[in-house]
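Reading the structure
Below are the chains, spelled out letter by letter.
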Amino acid sequence: MSVSDPGLDVRGLSVELGGRPVLTGVDLAVEPGELVGLLGPNGAGKTTLLRAILGLLPPAAGSVHVAGKPGKPGRTPIGYVPQRHDFAFDFPISVVNAVATGLTGKLGPLRRLGAADWEAVADALDRVRMAELADRPIGQISGGQRQRVLVARALALRPSVLLLDEPFTGMDLPTQELLAALFADLAQEGRAVLLTTHDIGSALCSCDRIALLNRSVVATGTPGDLADDPEPWMATFAVGPGSALLRMLKAV
Amino acid sequence: MNPLDFLADLLNPDLAFLPKALAVAVMSAVVCGVVGTHVVLRGMSFIGDAVAHAVFPGLAVAFVLSGNLVLGGTAAGVLTAVFVAIFSQNRRLKEDSIIGVFFVAAFALGIVVISQAPGYAGSLQQFLFGSITGIPDSDLYVVAGTGLLVLAALFALHKEFVTISLDRESARAMGVKVFWLDLILYILITLAVVISVQTIGNILVLALLITPAATARLLTDRLQLMMLLAPAIGGCSALIGLYLSWSWDLPTGGTIVLVLTAVFLLAWFCAPHNGLIAQARRRPPSGPLPAPKTAHFEEFEE
């Protein structure tokens, strides 16, 4: 995949936090139409990688290209869905107005949402099937609905790349399946979708490709290929051959 | 004293300071109510308290040098903010400790500075607890002009402030200038505090910022309504508080704050949806307590 291609292209990315290297030489590409799951233990640098892709952390080396352009906050068509606890769901605002805040950066100060912007907001709500609850205060919706509101807020920008930080955490299994189906659909419509998760089972079932991350990308491949090879999993998660993790891989 | 007597006193030319005090108190309560909505929703009450203390050395310097109180207070408030921002870069200390260090230091500096002024005890008391006498005509215009500026800025940047309150990280990722908008909000809080200090005093001004907005939050789940209710509650409480303090010869700042607190308690018990009484009424007469409102409970809605 060349730099001019759309989608997400991370090359040789190294990131330091407080002088300490957190990521070294990360290579990762997500093509349009592809749903990629990023797996790794706590402290592997998953959130750091997402923040670097968003342009919130300066790379010590390497590059990030979003839709063929260097990543920069507010300039690249990138949708970000943070972890649910990062969002103030106790704020007194309706679902539709919360989704509309996804356009604040694009509009810039002093400009109000125009008809086309409200149309993008309505489309995003439709897409996640939350249109009926548009006027409900965000404090009065369920966990699964909250996650869909965050996805809608990211979609309001009509992004070509979508990043989701642990969207399955704290969800029951039926809700996880509904969300996984939604993410797969969003990818198939031509977006490059990258999600982080601790739920290896969900990732293997729903993602087109898996990337194993621990400081750098240890391995990447289709769920079928990766599940057959225990070596990269042992390296990534620092577990022995008798680990329950490997037994679970065989079951998938 | 009945309200008609109060009205007569307001119109009495010998008591010209009274309508001026009323105007300043109501205007500052209205401005603080709107600004306070952001302070309450962001959970930055401690920062509000810090700002209220941080403006004091500026007021003291302006007072000693007979300068402009609004300018002096704002300069001190912003300077303290910059100090907090710089010293917070040291990751060993959390920001709230840094704020704790600097706002008390600022307040102490103010006390030392104002002790240099003649008639020190009287002016200190006036700054700390407010006073309704001795408001010059020019202050009316300064308070009105500053208040309008603050409200206009809040209106113009409403979309940005809401976006940052919901989720700072995503706001940054979208290219919203979070650092500068935080600084602007801080300056707006500082201005609201400075124009209120005159009547209500440095120590009690936090109540104008927090209590009306907190009361409004109990009454509504809609931001726009909250931003109208908070200044209405603040303005009416300022009016009632001044009336009561004038009738019974009570300290004005303290009386206004007690009225605000009474309204808050009333809302806490009687709010239509969230109040204690409404909750008790929804409960079946002899049934168990309602299930705690957890994520599991909410899942039933899906």
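It should be emphasised that the depicted structure is a prediction, and the values quoted were computed from it without experimental measurement.

**Digging into the overall build of chain B**
Along the backbone of chain B there are 16 helices and zero strands. What you see for chain B is a C-alpha radius of gyration of 21 Å, in line with the 19 Å of a compact globule of 302 residues. Each principal axis of the C-alpha atoms in chain B carries an extent, and together these give about 65 × 55 × 30 Å. Across the 302 residues that make up chain B, the buried fraction comes to 45%.

**A closer look at the sheet that holds strand 1 (residues 8-17) of chain A**
All names here are of chain A. Taken in spatial order, the four strands line up as 2-1-4-5 in an open sheet, and their pairing is antiparallel. Edge positions in the sheet fall to strand 2 (20-30) and strand 5 (69-70), since each of these pairs with one other strand and no more. As defined by bridge partners, strand 1 adjoins strand 2 across seven bridges and the pair is classed as antiparallel. When the sheet's bridge partners are listed, leucine 8 is paired in strand 2 with valine 30.

**Observations regarding the interface of chain A and chain B**
With 26 residues of chain A at the interface, the matching set in chain B holds 28 residues. Counting only elements with at least two residues in the side of chain A that touches chain B, the list comes to helix 3 (104-107) and helix 5 (143-155) of chain A. When residues in the side of chain A that touches chain B are grouped by element, the largest group, three residues, is from helix 5 of chain A. Within the side of chain A that touches chain B, the residues separate by chemical class into 15 nonpolar, nine polar and two charged.

**So, the sheet that holds strand 8 (residues 192-196) of chain A**
Sheets are built from strands paired through backbone hydrogen bonds, the pairs being either parallel or antiparallel. Residues and elements named next belong to chain A. One open sheet holds the six strands; their spatial order is 6-7-8-3-9-10, and the pairing between them is mixed. Looking at the sheet topology across the chains shown, the edges are occupied by strand 6 (78-81) and strand 10 (216-221). Going from strand to strand, the sheet's axes swing by 20 degrees on average, the running direction of each strand aside. As paired elements, strand 7 (residues 161-165) and strand 8 share five bridges and run parallel to each other. Residue pairing across strands places leucine 163 opposite leucine 194, the latter belonging to strand 8.

**A few points about the environment of lysine 94 of chain B**
The residue lysine 94 of chain B is located in the loop between helix 5 (69-87) and helix 6 (95-114) in this model. Accessibility expressed as a C-beta count within 10 Å gives 10 for lysine 94 of chain B, which makes it exposed.

**Some words on the pairing of strand 4 (residues 61-66) of chain A**
All names here are of chain A. Here strand 1 runs beside strand 4; their pairing, made up of five bridges, is antiparallel. From the neighbouring strand, aspartate 9 faces strand 4, where its bridge partner is histidine 65. One ladder, built from two bridges, connects strand 4 with strand 5; its direction is antiparallel. In the strand pairing of strand 5, valine 66 is matched with lysine 69.

**Some thoughts on the domain arrangement of chain A**
All names here are of chain A. When its domains are assigned, chain A resolves into domain 1 (1-77 + 162-221) and domain 2 (84-158). Each of domain 1 and domain 2 has a C-alpha centre, and the two are 22 Å apart. Residue contributions to the side of domain 1 that touches domain 2 peak at four residues, all from helix 6 (residues 173-188). Here the side of domain 1 that touches domain 2 is composed, by residue class, of seven nonpolar, three polar and no charged.

**Things to note about unusual backbone geometry**
Even without a glycine there, the phi angle at alanine 67 of chain A is positive, about 50 degrees. Note on placement: alanine 67 of chain A falls in the loop between strand 4 and strand 5. Here serine 66 of chain B, not a glycine, exhibits a phi torsion of approximately 55 degrees, which is positive. Along the chain, the position of serine 66 of chain B falls in the loop between helix 4 (56-64) and helix 5. Judged by local crowding, serine 66 of chain B falls into the exposed class, with 8 C-beta atoms found within 10 Å.

Criteria and thresholds
- Residues numbered from 1 in each chain as written.
- Chains lettered and ligands numbered in written order.
- Predicted model: local features only at pLDDT ≥ 70, side-chain atom pairs only at ≥ 80, totals over all residues.
- Helix = DSSP H or I, 4+ residues; strand = E, 2+ residues; numbered from the N terminus.
- Rg over C-alpha atoms; globule rule 2.2 N^0.38 Å.
- Buried ≥ 20, exposed ≤ 12 C-beta atoms within 10 Å, placed from the backbone.
- Pairing = 2+ DSSP bridges.
- Contact = placed C-beta atoms within 7 Å.
- Nonpolar A, V, L, I, M, F, W, Y, C, P; charged D, E, K, R; others polar.
- Axes fitted to C-alpha atoms, helices over the stretch in contact; angles between N-to-C directions.
- Domains from an automatic or database assignment.

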